[in-house]
Amino acid sequence: RFSSPRRDPFADAERRRSLRNGDLVMSDRVRVSVVLPFLDASRFMRECIEGVLAQTYGAWELILVDDGSSDDSTAIAREYVERVPERVRCIEHPGHENLGISASRNLGVRHARGVFIAELDADDVWLPDKLARLVPELEAHPRQDRFEASLHALRGVALGRTLPLDAWRRTSRG
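Residues numbered from 1 in each chain as written. Predicted model: local features only at pLDDT ≥ 70, side-chain atom pairs only at ≥ 80, totals over all residues. Heavy atoms only, no water.

Q: For this particular structure, what's the right way to read the overall build of the chain?
A: A count of helical and extended segments in the chain gives five helices and 12 strands. Buried residues in the chain amount to 45% of all 174 residues. When contacts within the chain are restricted to residue pairs at least 6 apart in sequence, long-range pairs at least 24 apart make up 78% of them. Split by element, the accessible area of the chain, about 9100 Å² in all, is 50% carbon and sulfur. (Helix = DSSP H or I, 4+ residues; strand = E, 2+ residues; numbered from the N terminus. Buried < 20%, exposed > 50% of the residue type's maximum accessible area, 1.4 Å probe, protein only. Contact = heavy atoms within 4.5 Å. Areas by Shrake-Rupley, 256 points an atom, 1.4 Å probe, with all protein chains shown as cover.)

Q: Even after reading the chapter, I still don't get the pairing of strand β5 (residues 60-66), so can you show me in this structure?
A: One face of the sheet, then the other: side chains in a regular strand alternate in exactly this way. Most of β5 is tucked away, with seven of its seven residues classed as buried. The alternating pattern of β5 places W60, L62, L64 and D66 on one face and E61, I63 and V65 on the opposite face, and all of these are buried. Pairing analysis gives seven bridges linking strand β4 (residues 32-38) to β5, with the strands arranged parallel. Along β5, the bridge assignment pairs V34 with L62. The β-α-β motif built from β4, the intervening helix α1 (residues 42-53) and the parallel element β5 has right-handed crossover chirality. (Pairing = 2+ DSSP bridges. Right-handed = clockwise from strand over helix to strand, strands pointing away.)

Q: It is not clear to me how the nonpolar core should be interpreted in this structure. Could you clarify?
A: Across soluble globular proteins, nonpolar side chains show a tendency to be buried alongside one another. By size, the foremost hydrophobic cluster in this structure holds 29 residues, and its most contacted members are V32, L36 and L62. Elements represented by at least two residues in this core include exactly β4, α1, β5, α2 (73-83), β7 (116-119) and α4 (130-140). Considering each element in turn, this core owes the most residues, five residues, to α1. Membership of the second largest hydrophobic core comes to seven residues, among which are I63, V65, A112 and I117. (Core = buried A, V, L, I, M, F, W, Y, C linked by side-chain atoms within 4.5 Å.)

Q: Please clarify how the pairing of β7 should be interpreted in this entry.
A: Alternating residues of β7 divide into F116 and A118 and I117 and E119, and every residue in both groups is buried. As paired elements, β4 and β7 share four bridges and run parallel to each other. When the sheet's bridge partners are listed, V35 is paired in β7 with E119.

Q: Looking at this structure, how should I read α2?
A: Among all positions in α2, only S73, T74, I76, A77 and Y80 are buried. Summarising the axial view, the buried residues of α2 lie within an arc of 165°, below the 170-degree limit, and thus occupy one face. Relative to its buried face, α2 has exposed residues pointing more than 90 degrees away, namely R78 and E82. Looking at the packing, one finds that the buried side of α2 touches β4, α1, β5 and β6 (88-92). (Arc of directions from axis to C-beta.)

Q: Would you mind going over the side chain of R31 with me for this structure?
A: Looking at where R31 falls in the secondary structure, it is placed in the loop between β3 (24-26) and β4. For R31, a relative accessible area of 19% translates into the label buried. Reaching out from R31, the side chain makes a polar contact with the side chain of E139 at a distance of 2.5 Å. (Polar contact = N/O pair within 3.5 Å; in protein donor to acceptor, adjacent residues only side chain to side chain.)

Q: Whenever I open this one, the packing of α1 against α2 confuses me. Can you help?
A: Look at α1 against α2: their axes get within 9 Å of each other, and the N-to-C directions meet at 25°. Between α1 and α2, the angle falls in the class roughly parallel. Considering only the axes of α1 and α2, their crossing is right-handed. Across the interface between the two elements, S42, M45, R46, I49, E50 and L53 of α1 pack against S73, I76, A77, E79, Y80 and R83 of α2. A class-by-class count of the residues in the contact of α1 with α2 yields six nonpolar, two polar and four charged. (Axes fitted to C-alpha atoms, helices over the stretch in contact; angles between N-to-C directions. Parallel < 35°, antiparallel > 145°, perpendicular 65-115°, else oblique. Left-handed = near helix turned anticlockwise from the far one by under 90°. Nonpolar A, V, L, I, M, F, W, Y, C, P; charged D, E, K, R; others polar.)

See the structure below:
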């Protein structure tokens, strides 16, 4: 899901610096803040985060929100923050407390710098062109309050996948 523009994200000088991601030079403007709350999702985290890192659209940031994980999720998140610090941040509730997905999403949104907010669950995987296809649609419909990108298709092209519920249950039990 995406939310419509919230504020002018270009006011801070910090946002004006260019970022390099391989051969892709990101513009100095973060357009999309991807908010990914997680709780004990170590089995899915790497694939999920790699799906964001592989985006062909360059003007994004990833905000990982730790909702009090007790497995290796926190270490995996920190690994990506160290690997790609200019794009990936990790935040958590005070005291590493578990406050639930809504509080975690809201915390991530409060730290977002982008014009658009993309919600991503830790067990979802995006295809590389998801943002490249969605951002132009969002910009073409500025009055649209919310887009349901989780439908996984835009004009007949699959944009990602969610693990089936039975796979989640099967793998989350250990």
